[in-house]
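Notes for the structure review
Okay, here's what each chain looks like letter by letter:
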Amino acid sequence: MRIPAADLGLMAQHLATHEGVIHQFKQDYMIVQNPSLKKVLHTSITVMRSHVRAMLALIDPNQPGPMHLPDLHEQQMSFGPVTLTEEEKKIALKARSTSKSMANNNFSSALMMKKANARQTHIEMALQQSKLQGMYDSIIQQAGGEFTPKATSKEQLLTVQNYLHVLNE
C-alpha cells in the first residue's frame, strides 16, 4: 500500500528517534540494578521495537492491510517500596520525560498524518507511551524521587468560584 509523502517523512523522523532512544534505554538497562526500574526499561525497549515494526510495516508498499500494535500488558502500577540510587533516579526521570515527549510527538504527528491507519497507529503509540510515562511516574513516586507542591483548598475554591459563570455561557 502506498502512503502519502508527508506520512513517510514523519515516520522516517520517528524511526531515527526510536533508534537513538532504544540505544539509550539499552545502556540505562545495563546500569540499573533496581528490579522495578529494570523491568519498566525492558518494557519500554520492547514497546519501542514494536513501534518500529509497525512503522516499517506502514511504510512497506508490499504490506497489504491495516497495521495493529500488540497490546501493552501493563505491569502492576504499584511497585511497593522502591529504593533508587541517585543515578537510577536520574535515569527514571529521564526515561519518564522521554516517554512523555514521545507520546506528545506521536499524537501531534497523528494529527498531521493523511492515511487513516497511520494516524490511528500513532494515536495508539501515543497512548502506550503515556502508559509507560505512568509506570516511570509510579516508580519515581514510590522512591520519593520527586516533590509536587499542592495548592491550598482556599486557592482551589477561589478558582472554582471565579469560573462558575462559564457553565451559564
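Scroll up for the structure.
Attention here is on the structure that accompanies the text.

Rules and cut-offs
- What you see as residue numbers is a count from 1 along each chain, following the sequence as written.
- Side-chain atom pairs in this predicted model are given and counted only at pLDDT of 80 or more, local residue features only at pLDDT of at least 70, and totals for whole chains, interfaces and linings cover all residues.
- Side-chain numbers here rest on the full set of heavy atoms in the structure, without hydrogens or water.
- Surface patches are defined over residues having more than 30% relative accessible area and no salt bridge, joining like charges when they lie within 9 Å and nonpolar side chains (Val, Leu, Ile, Met, Phe, Trp, Tyr) when within 5 Å.
- Using a 1.4 Å probe, the Shrake-Rupley method yields the accessible areas, and only the shown protein chains count as cover for residues.
- A pair is scored as a salt bridge if a Lys or Arg side-chain nitrogen falls within 4 Å of a carboxyl oxygen belonging to Asp or Glu.
- In this scheme, a residue with accessible area under 20% of its type's maximum is buried, one over 50% is exposed, and one in between is partly exposed, where area comes from a 1.4 Å probe on protein chains only.
- Helix and strand assignments follow DSSP, with helices taken as H or I runs no shorter than four residues and strands as E runs no shorter than two, numbered in order from the N terminus.
- We call two residues in contact whenever any of their non-hydrogen atoms come within 4.5 Å of each other.
- The aromatic pairing rule takes the rings of Phe, Tyr and Trp, using the six-membered ring of Trp, and pairs them if the centres are within 6.5 Å, calling planes under 30 degrees apart stacked, those over 60 edge-to-face and the rest tilted.
- In this scheme, the term charge over a ring applies when either NZ of a lysine or CZ of an arginine sits within 6 Å of the ring centre and within 35 degrees of the ring normal.
- Fitted lines through C-alpha atoms give the axes, limited to the stretch in contact for helices. The angle between two N-to-C directions lies from 0 to 180 degrees.
- Oblique is the label for every angle not falling under 35 degrees (roughly parallel), over 145 degrees (roughly antiparallel), or within 65 to 115 degrees (roughly perpendicular).
- The handedness criterion is simple: a crossing whose near helix is rotated anticlockwise from the far helix by less than a right angle is left-handed, and one whose near helix is rotated clockwise is right-handed.
- Amino acids outside the nonpolar list (Ala, Val, Leu, Ile, Met, Phe, Trp, Tyr, Cys, Pro) and the charged list (Asp, Glu, Lys, Arg) are all regarded as polar, and Gly is one of them.
- For the purposes of this section, nonpolar cores are sets of buried Ala, Val, Leu, Ile, Met, Phe, Trp, Tyr and Cys residues that join through side-chain atoms within 4.5 Å.

1. Some points on a nonpolar patch on the surface
A grouping of V160, L164 and L167 is seen on the molecular surface, where their side chains present a nonpolar patch of about 320 Å² in accessible area. When its relative accessible area of 47% is taken as the criterion, V160 is described as partly exposed.

2. Regarding the side chain of N117
Within the secondary structure, N117 is located in helix α4 (residues 116–142). If we skip the residues at most four places from it in the chain, N117 touches L58, G65, P66 and M67.

3. Brief notes about the environment of P64
Counting through the fold element by element, P64 comes out in the loop between α2 (35–59) and α3 (86–112). Between the alpha carbons of P64 and R2 there is a distance of 9.7 Å; along the sequence they are 62 residues apart.

4. Some details on the pattern of salt bridges
In this structure the tally under the stated criterion is 3 salt bridges. Across the pair D28 and K94 runs a salt bridge, and its minimum N-O distance is 3.3 Å. Taken together, the residues D28 in helix α1 (residues 5–31) and K94 in helix α3 connect sequence positions 66 residues apart. For K94, a relative accessible area of 35% corresponds to the partly exposed category. Close ionic contact of D137 with R96 constitutes a salt bridge, the shortest N to O distance being 2.7 Å. Taken together, the residues span a long stretch of sequence, with D137 in helix α4 and R96 in helix α3 at a distance of 41 residues. For R96, a relative accessible area of 15% gives the class buried.

5. Let's talk about the side chain of T98
Relative to the helices and strands, T98 is located in helix α3. Once residues within four sequence positions are removed from consideration, T98 is found in contact with V21 and F25.

6. With respect to the environment of N104
Along the chain, the position of N104 falls in helix α3. The partly exposed category is assigned to N104, whose relative accessible area is 48%. In the structure, N104 is positioned 26 residues away from S130 in sequence and 8.7 Å away in space, judged by C-alpha atoms.

7. Quick look at the packing of aromatic side chains
What describes a pair of aromatic rings is the distance from one ring centre to the other and the angle between the planes of the rings. Within this structure, the stated rule accounts for 0 aromatic pairs. The ring of Y29 carries K38 above its face, with NZ or CZ at 4.1 Å from the centroid.

8. Quick notes on the packing of α3 against α4
Closest axis-to-axis distance for the α3/α4 pair is 8 Å, and the angle between their directions is 160°. By the criterion of interaxial angle, the relationship of α3 to α4 is roughly antiparallel. When the axes of α3 and α4 are compared, the crossing they make is left-handed. Residue-level inspection shows A92, L93, A95, R96, S99, K100, M102, A103, N106, F107 and A110 of α3 in contact with α4, the latter providing R119, H122, I123, M125, A126, Q129, S130, L132, Q133, Y136, D137 and I140. When its residues are assigned to classes, the contact of α3 with α4 shows 13 nonpolar, 6 polar and 4 charged.

9. Quick look at the nonpolar core
Ranked by size, the top nonpolar core spans 36 residues in total, and within it F25, L37, L41, Y136 and I139 carry the most contacts. For this core, the elements supplying multiple residues, two or more each, are α1, α2, α3 and α4. The greatest single-element share of this core, amounting to 11 residues, is contributed by α2. What I139 contacts, discounting residues up to four positions off in sequence, is S36, L37, V40, F79, V82 and L84.

It is worth stressing that arrangement in space is one thing and function is another; only the former is reported here.
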